[in-house]
Amino acid sequence: MLKRILAVSLALNYSVAAQAASPITLLSKQCIDYQVSLSQAQTSDSPQDASVRLERELLGLFNLKDSVHFYRHYPLNAEDKEALLQCQLHLADEFERLAKDPWLKTQSRQWARSQVSDLRQLGRRLTQQIAEQIDQVQKAKIHTAQASIAHGLRQKDLSLIIGESRCRLDDEAKSDETKSNEAKSDETKSKKAKSKEPQAQAFDNSIASYLIHQPDETCKRQVWQAYQTRAKQKNQAAMSLILETKQAIAEEHDALDYASWALSHQQLASPEQVKQYLDSQTQIAPAPWRLGAVLADLAKVEVRPLSGRQLLRDIQGELEPFGLQFETINADMLRLWHQGRLLGDIFLSQAATHRGGKTQLSPLRQSVVGQQFGQLTLTLPDELDDYRGQEQLIIAAADMVSRLLAGGRYYLNNTLGDDQAIASLWLSHYLSKRLLPQLPRDSREARLKAFASQLKVFRSKLALWAYQAPEHRLYRDLNQEFALSFGEPWPEADDALFSFTGAVTQGPLYYLSLWHQSLAEQILSDTHLKDKAVFELLLINEQQLSLDEQLNLIFGCAQSVATIQERSQHVQLKPVH
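Given the structure is predicted, the values throughout are model-derived calculations rather than measurements. (Residues numbered from 1 in each chain as written. Predicted model: local features only at pLDDT ≥ 70, side-chain atom pairs only at ≥ 80, totals over all residues. Heavy atoms only, no water.)

1. Brief notes about the pairing of strand β3 (residues 324-330)
Relative to strand β4 (residues 333-338), β3 runs antiparallel, the two sharing six bridges. What sits directly across from Leu324, in β4, is His338. What sits between β3 and β4 in their antiparallel hairpin is a turn of two residues. (Pairing = 2+ DSSP bridges. Helix = DSSP H or I, 4+ residues; strand = E, 2+ residues; numbered from the N terminus.)

2. Regarding the sheet that holds strand β7 (residues 374-380)
The sheet built from five strands is open, its strands ordered β3-β4-β5-β7-β6 with mixed pairing. The sheet terminates laterally at β3 and β6 (360-365), the two strands that pair on one side only. Neighbour to neighbour, the strand axes of the sheet diverge by 25° on average, direction disregarded. Each of β3, β4, β5 (341-350) and β7 touches helix α18 (residues 308-319); the most contacted strand, β7, lies at about 135° to it. (Axes fitted to C-alpha atoms, helices over the stretch in contact; angles between N-to-C directions. Contact = heavy atoms within 4.5 Å.)

3. Quick word on the nonpolar core
When a protein is soluble and globular, its nonpolar side chains tend to lie buried together. Of all hydrophobic cores here, the largest spans 117 residues; its most connected members are Leu378, Met400, Val401, Trp426 and Leu427. By residue number, the principal contributor to this core is helix α19 (residues 387-405), which donates ten residues. When residues no more than four places from it in sequence are discounted, the contact partners of Leu427 are Leu319, Phe322, Ala398, Val401, Phe535 and Leu539. By size, the runner-up hydrophobic cluster in this structure holds 39 residues, among which are Cys31, Leu61, Phe95 and Leu126. (Core = buried A, V, L, I, M, F, W, Y, C linked by side-chain atoms within 4.5 Å. Buried < 20%, exposed > 50% of the residue type's maximum accessible area, 1.4 Å probe, protein only.)

4. A look at the pairing of β7
Within a regular strand, side chains alternate between the sheet's two faces. Judged by how many residues are buried, β7 sits mostly within the fold: seven of seven residues are covered. Of the two faces of β7, the one lined by Gly374, Leu376, Leu378 and Leu380 and the one lined by Gln375, Thr377 and Thr379 are each fully buried. Relative to β7, β6 is paired through five bridges, and the arrangement is antiparallel. When the sheet's bridge partners are listed, Arg365 is paired in β7 with Gln375.

5. Structural notes on the environment of Ala285
With respect to the helices, strands and loops of the structure, Ala285 is situated in the loop between α16 (271-280) and α17 (291-296). On a C-alpha basis, the gap between Ala285 and Leu455 in space is 8.9 Å, while along the polypeptide they are 170 residues apart. With sequence-adjacent residues up to four places away left out, Ala285 is seen in contact with Ala450, Phe451, Gln454, Ser485 and Phe486.

6. Points about the state of the cysteines
This model, assessed by the stated rule, comprises one disulfide. Shown here is the disulfide that connects Cys31 with Cys87, its sulfur atoms set 2.0 Å apart. Note on the Cys31 and Cys87 pair: the S-S dihedral is about 105°, so by sign convention the disulfide is right-handed. Of this pair, Cys31 sits in helix α3 (residues 23-33) while Cys87 sits in helix α6 (residues 78-99), and the two are 56 residues apart along the sequence. For the pair Cys31 and Cys87, a shared accessibility class is recorded, and that class is buried. (Disulfide = S-S within 2.5 Å.)

7. Section: the side chain of Gln390
In this fold, Gln390 is placed in helix α19. Taking the relative accessible area as the measure of exposure, Gln390 reaches 3% and is therefore buried. Within the structure, the side chain of Gln390 is placed 3.2 Å from the backbone oxygen of Leu384, a separation counted as a polar contact. (Polar contact = N/O pair within 3.5 Å; in protein donor to acceptor, adjacent residues only side chain to side chain.)

8. Thoughts on the pattern of salt bridges
A side chain with one charge may pair with a side chain of the opposite charge, provided their charged atoms come close. By the definition in use, this model includes 20 salt bridges. As a salt-bridge pair, Asp66 and Lys65 come within 3.2 Å of each other at their nearest N and O atoms. Among the residues examined, Asp66 registers a relative accessible area of 13% and is labelled buried. On the basis of relative accessible area, Lys65 is assigned to the partly exposed category, the value being 37%. Residues Glu391 and Arg388 are paired through a salt bridge, measuring 2.8 Å at the closest nitrogen-oxygen approach. You can see Glu391 and its partner Arg388 sitting in helix α19, three residues apart, about one turn around the helix. (Salt bridge = Lys/Arg side-chain N within 4 Å of Asp/Glu carboxyl O.)

9. Some points on the packing of α18 against helix α21 (residues 419-435)
Geometrically, a packed helix pair is captured by the angle between its two axes and the distance between the axes. Contact pair α18 / α21: the axes reach a minimum separation of 11 Å and the direction vectors enclose 110°. What the angle tells us is that α18 and α21 run roughly perpendicular. Residue-level inspection shows Asp314, Ile315, Glu318 and Leu319 of α18 in contact with α21, the latter providing Leu427, Leu431, Arg434 and Leu435. Counted by class, the contact of α18 with α21 contains five nonpolar, no polar and three charged residues. (Parallel < 35°, antiparallel > 145°, perpendicular 65-115°, else oblique. Nonpolar A, V, L, I, M, F, W, Y, C, P; charged D, E, K, R; others polar.)

10. Quick look at the environment of Gly507
Mapped onto the elements, Gly507 comes out in the loop between α24 (502-505) and α25 (512-526). A residue is classified by how much of its surface remains accessible, and Gly507, at 1% relative accessible area, is buried. Non-local contacts of Gly507, meaning those with residues more than four positions away in its chain, are made with Ala463, Tyr467 and Gly502.

So, in structure tokens, the structure goes:
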């Protein structure tokens, strides 16, 4: 499967002997040898021609980057992992070399002032990409620290100190696997029993098992809070290094702090605007340690069981009025067309039962009008018998269509910015409304969504706080912010910074998925346009309008950030249906 996909995705004419080699080996060789040349673009007669020639050169680099990302979804041996890492580093170095080129810097700024909308958008995004490049030393520090933190959070051999005997689970409440693990550690426990120190209890499966079996509310809270900070000791130095390095980057750009600099190119362009948005989204949800008990008392939303392929056929039927047609090439391959224009290929595979049988979308090649067709793989479960499983496939299908349908002539225009994410979310909401039952507010699924949203809100506040200089921090009391979302305070709430990788991978931009969700919901509920017009405006965007221009057409008037935030709060407070 991997060899066939690689051959298609890279469109390489290898000999029979070469095709027998590892696909990772072939990709790595092409990657390490790849170098972008600006010579043809530099000798162009017009800005438009220069941009097209540059696009042809950059597409090779971007396609290799996407191929590396694709293969990282698969189980790999140590040699292949190292080959992909070296490829990734080479591509990053190659783009960094381009970003330092005086011609590209000048040309990007000129394109950003162009009267041609797609060229102007390309110029702005290239200029931003160039500005965000950091030197090798800073890059090495950040990547090493990020890897260390991710490794620390993945560790399974962590244990928590439970000082009060009443908070330790007895044998009747523990799983068979937990008992087996404890039997193996009798000698260790015996030694600890001789000391006066509190005993450590290991969580070999997940904290969820403890919270389900523990009847004492105080114990639940204490152990959940301790579990959230389990990796603090291991990750504290790496986190400090990232924060210090990114603050230095901000100072190099004459910004107050990293949060201010990172947000300056976003629609919510300042920490103050992000705080205003996050505050508007704050609502009470069940406390995390109480969530399992709350959900257990709620009814699930019943759905008609479907196979993954049947639901995909239903989705295809809902998309036909938009001019989309799926051509079946064989049992494992579809071809997507829009009003006679080929968009790309979709490779289907069955979800492995031992991996949980979940839907997974893996992009291979980004669609770029006039340059290349898109290619993706979609992994489908055998059976989808619950609301969440069917919703996940709808979300993946919407993402798939939005990637293939993007109407821009430049890769960066089709992949960067808020546009594609909002388009995909709008389509998934549209399809869910037509294919899934209503979601009552008092259902298990609705309550779980509300909790997930509030956890994202709190973590977004935490990330904003961490990347602001102490004297400029807008959130002063994270204990109180936690209580506003979950009903109870947490005195060590700032230590939650060590409990999720998004704090270091996305930083102050962690809130973005919430913002995209809010805009997509507003568009679905408040637009005065017909569904097909919204579809063509968001997902195709043939005129390459900016997001602000799109929103003006969708809502029928100019949209300030304040207006959008007001709409967002109004939509969020509506009952879930």
